[in-house]
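Here is what each chain is made of, one letter per residue.
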Amino acid sequence: MTSQPQESVPSHVCIIMDGNGRWAKKRLMPRGYGHRQGVETTRRAVEFFAAAGIKHLTLFAFSSENWNRPDEEVTGLMELFMQSLQKYTNELHEKGIRIRFIGNRAMFSEALQQKISETEVITGNNSVMTLNIAANYGGQWDIVNAARALAGQVSEGEITPAQIDEQVFRQELSLGDSPDPDLFIRTGGEHRISNFLLWQLAYAEFYFCDRLWPDFSDSDMRDALTEYTQRQRRYGKTGEQIEAAN
Ligand code: FPP
């Protein structure tokens, strides 16, 4: 069957940036060294995808489950988030990038929460690309949160249960105001979704890459976009229907 790309550039790309720890271990260095190198790749990725015309980029920086890592690593990651925001917010702002955080930020320190809010305010009106950073995020948390919000609206008499459909539900999710990701990338060789955007990935194309995140190069990013253009997205229709519509 021939494959007909419909949109050559995805409007939303999301990434699980995996492999920092193994990258450091291969060099006999502590895991934090890998995370610091990971920040450099993150910076390149933001630049690359913005230049490629991607309007939404969502990065998984810290999952709800990452609190279970050794204290030293968790503390190091928190410091790294803070330093990265201090170091890169202005640069990203000048490039027209809007930064938003998704996830349960209440578990972060007061100082980090404040920095996050400040960053969101400073960059809030930018329109070149929206960079969503998923931090203390979990897909199941997101869905439960939406269900709780809707249950609250029902109990207040604002809506009836019968009014809850997919459209109403999605508006209560993180990223409810953004298109769903078209392309999901995971580096580091694992073929898992790891409680990332569970609802939002319903029709995403999945691209897995063995490269460890610190080694993920511009050419690897280009390969992911090229592979995307070669996929045929059918949304439940047949290949023949899609080709006839093109
Ligand atoms: C996964 O590698 C990576 C993380 C849990 C942290 C991701 C964080 C960064 C890349 C830092 C930059 C992010 C921002 C937004 C400033 P791993 O530790 O699970 O690697 P492993 O699978 O090799 O152990």
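Our subject is the structure listed above.
All of these numbers come straight from a predicted model, not from anything done at the bench.

Engineer: I would appreciate a short explanation of the packing of helix 2 (residues 31–51) against helix 7 (residues 218–229) in the present structure.
Structural biologist: A pair of packed helices can be characterised by two numbers: the angle between their axes and the separation between those axes. Interaxial distance between helix 2 and helix 7 falls to 10 Å at its minimum, and their mutual angle equals 45°. Between helix 2 and helix 7, the angle is such that the two are oblique. Handedness of the crossing formed by helix 2 with helix 7: right-handed. Facing helix 2, whose interface residues are T41, R44, A45, F48 and F49, helix 7 presents D218, M221, R222 and L225. Considered class by class, the residues forming the contact of helix 2 with helix 7 number 5 nonpolar, 1 polar and 3 charged.

Engineer: Explain the nonpolar core here, please?
Structural biologist: Soluble globular proteins tend to bury their nonpolar side chains together. Grouped together as the largest cluster of nonpolar side chains are 42 residues, with contacts concentrated most on I15, F49, L57, L131 and I185. Not counting residues within four places of it along the chain, the set of residues in contact with L131 comprises V46, L57, L59, L92, I97, R98, I99 and R100.

Engineer: In this structure, what is going on with the sheet that holds strand 2 (residues 56–63)? I would like to understand it.
Structural biologist: As a general point, the strands of a sheet are linked pairwise by backbone hydrogen bonds and lie either parallel or antiparallel. Spatially, 3-4-2-1-5-6 is the arrangement adopted by the 6 strands of the open sheet, whose pairing is parallel. Every interior strand has two partners, whereas the edge strands, strand 3 (97–102) and strand 6 (205–208), have only one. For this sheet, the mean angle separating the axes of adjacent strands, direction not counted, is 20°. Docked against the sheet, helix 3 (residues 71–94) engages strand 2, strand 3 and strand 4 (129–137), running at close to 160° with respect to strand 2.

Basis of the calculations
- Residues numbered from 1 in each chain as written.
- Predicted model: local features only at pLDDT ≥ 70, side-chain atom pairs only at ≥ 80, totals over all residues.
- Heavy atoms only, no water.
- Axes fitted to C-alpha atoms, helices over the stretch in contact; angles between N-to-C directions.
- Helix = DSSP H or I, 4+ residues; strand = E, 2+ residues; numbered from the N terminus.
- Parallel < 35°, antiparallel > 145°, perpendicular 65-115°, else oblique.
- Left-handed = near helix turned anticlockwise from the far one by under 90°.
- Contact = heavy atoms within 4.5 Å.
- Nonpolar A, V, L, I, M, F, W, Y, C, P; charged D, E, K, R; others polar.
- Core = buried A, V, L, I, M, F, W, Y, C linked by side-chain atoms within 4.5 Å.
- Buried < 20%, exposed > 50% of the residue type's maximum accessible area, 1.4 Å probe, protein only.
- Pairing = 2+ DSSP bridges.

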